[in-house]
Amino acid sequence: MADAKACGRACQFIQPDYPAQELRLHGRTRNDQTPDETHFGVFRRMIRARLSPAKAGAQWTGIATTLGEQLLATGKVEAVLAVAPDPEDRWKPKPVIVTRAEDMAQCRGMRMGYSPLIALMEEVAARGFKRIALIGIPCQVYALRALEAEFGLEKLYVIGTPCSDNTTTENFHDFLKLLDPAPETISYLEFRADFRVELRFDDGRQKLIPFLSLPISKLPGDFFPLTCRTCVDYTNALSDLTVGYMGGEGEQWLIVRNGRGEELVDLLGDALVTSEPGSKGKRAPHVAAFIKNVELAAGGLPLRAMPNWVRPLVSFLQPRIGPKGLEFARTRLEMKAAETVIHLRREEPAKLKNMVPLHVWKLLEAYGITPRAGEQKDPG
């Protein structure tokens, strides 16, 4: 952006204040006595959902895309900030301002790479838009929330998607090369809640790869940047509505956080098929094993010391006896919490005090990870 100092005010990796933002946006901070708010943030309700019929070409069924379409079609907003594929590389994200409902279709699907979406707010201001929506990942949403008062908006809807790890588009292409001999034909990639990665190809083929069979050990140690490995906002807690998959057991998982989130869900009408999220399994042994691997790692990515002959057996068992639904989501949140503290202690210990909120420490108490001297702000 033209104002280079905006980064210092907006970046969630400098000195974030989630409680203050939650209070401003949702009317209260997360309640530790409410089941799951320590994990997922402030919410009114959670839904397992899908669109019927599903949108063609969508990553799941097209909920986020349809929300953008409806906001524009009904005149609730003048523009939607989102990410579309770069014309020269379908996996590279390109920030866009969408002003026509029919143009939201270009934003379907997943991209991998860095996308300066919030820089478009300067163009939003220049074009005089006062009612907008944004569909973004947590670091984009945090930045927008930190700066939104500076743009004089009359209405803002924020649709957040969960995010754990990002990398450069170039790195992602290298990853695709490890997954298939013809990576240029891969049209779709999704990390699913059944412990498998789904690939789709231009010719209609589908391929499922168990998580344990992924070529993680072949990736460079800095494949994921430290910021992603230490992100504490997997569930996009400052959005009005989070649209993800972790707690959905094969469908989408919606976290409705405030009145604007309810308004967004209402836009989908009868096309949204909903049910209560399920929850099965036990997360503790999986999280404990993950913590051990991360602690043993020389840096960057967890070690995978499992013998090759055991992997097919575990890959078979994981989808059947592993955590499912909300328990799967809790598992990932606690893994991310542990990863945050372990990597910061190793690489940037001075930043722990400012970067790790209280709720993250609470998630780790059961695993014996507690703040050391100087790792928390003075309560006073």
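Residues numbered from 1 in each chain as written. Predicted model: local features only at pLDDT ≥ 70, side-chain atom pairs only at ≥ 80, totals over all residues. Heavy atoms only, no water.

## Brief notes about the sheet that holds strand 8 (residues 206-210)
Then step 1. Across the sheet, three strands lie side by side as 6-7-8; this open sheet has antiparallel pairing. Looking along the sheet, the strands with just one partner apiece sit at the ends: strand 6 (186-191) and strand 8. Pairwise comparison of adjacent strand axes, ignoring direction, gives a mean angle of 20° for this sheet.
Then step 2. Taken together, the five bridges between strand 7 (residues 196-201) and strand 8 define a ladder with antiparallel strand orientation. Counted as the bridge partner of Arg 200 is Gln 206 from strand 8. (Pairing = 2+ DSSP bridges. Helix = DSSP H or I, 4+ residues; strand = E, 2+ residues; numbered from the N terminus. Axes fitted to C-alpha atoms, helices over the stretch in contact; angles between N-to-C directions.)

## Regarding the state of the cysteines
Then step 1. Scanning the entire structure with this criterion turns up zero disulfides.
Then step 2. With no disulfide of its own, Cys 107 lies closest to Cys 163 among cysteine sulfurs, the gap being 17 Å. (Disulfide = S-S within 2.5 Å.)

## Quick look at the pattern of salt bridges
Then step 1. According to the stated counting rule, one finds 33 salt bridges in the structure shown.
Then step 2. Across the pair Glu 102 and Arg 100 runs a salt bridge whose closest N-O atoms are separated by 3.4 Å.
Then step 3. Look at Arg 100 and you get partly exposed, because its relative accessible area is 45%.
Then step 4. Salt-bridge contacts for Arg 345 lead to Glu 375; the nearest nitrogen and oxygen are separated by 2.9 Å. Here the residue Arg 345 occupies a position in helix 12 (residues 326-347), and Glu 375 occupies one in the segment after helix 14 (358-364), the gap between them amounting to 30 residues.
Then step 5. Several salt bridges converge on common partners, so that one network encompasses Arg 24, Arg 145, Glu 148, Asp 240 and Arg 260. (Salt bridge = Lys/Arg side-chain N within 4 Å of Asp/Glu carboxyl O. Buried < 20%, exposed > 50% of the residue type's maximum accessible area, 1.4 Å probe, protein only.)

## Quick look at the sheet that holds strand 1 (residues 45-51)
Then step 1. In space, the eight strands of this open sheet follow the order 3-2-4-5-9-10-1-11, with mixed pairing throughout. Edge strands, defined here as strands with exactly one partner in the open sheet, are strand 3 (89-98) and strand 11 (272-275). Mean inter-strand twist for the sheet, computed between neighbouring axes without regard to direction, equals 25°.
Then step 2. Of the pairings in the sheet, the one linking strand 1 to strand 11 comprises four bridges and is antiparallel in character. Each residue of the ladder has a partner; that of Arg 50, found in strand 11, is Val 273.
Then step 3. Against the sheet, helix 9 (residues 259-267) engages strand 1, strand 5 (155-160), strand 9 (241-244), strand 10 (252-256) and strand 11, with an angle of about 75° to strand 5. (Contact = heavy atoms within 4.5 Å.)

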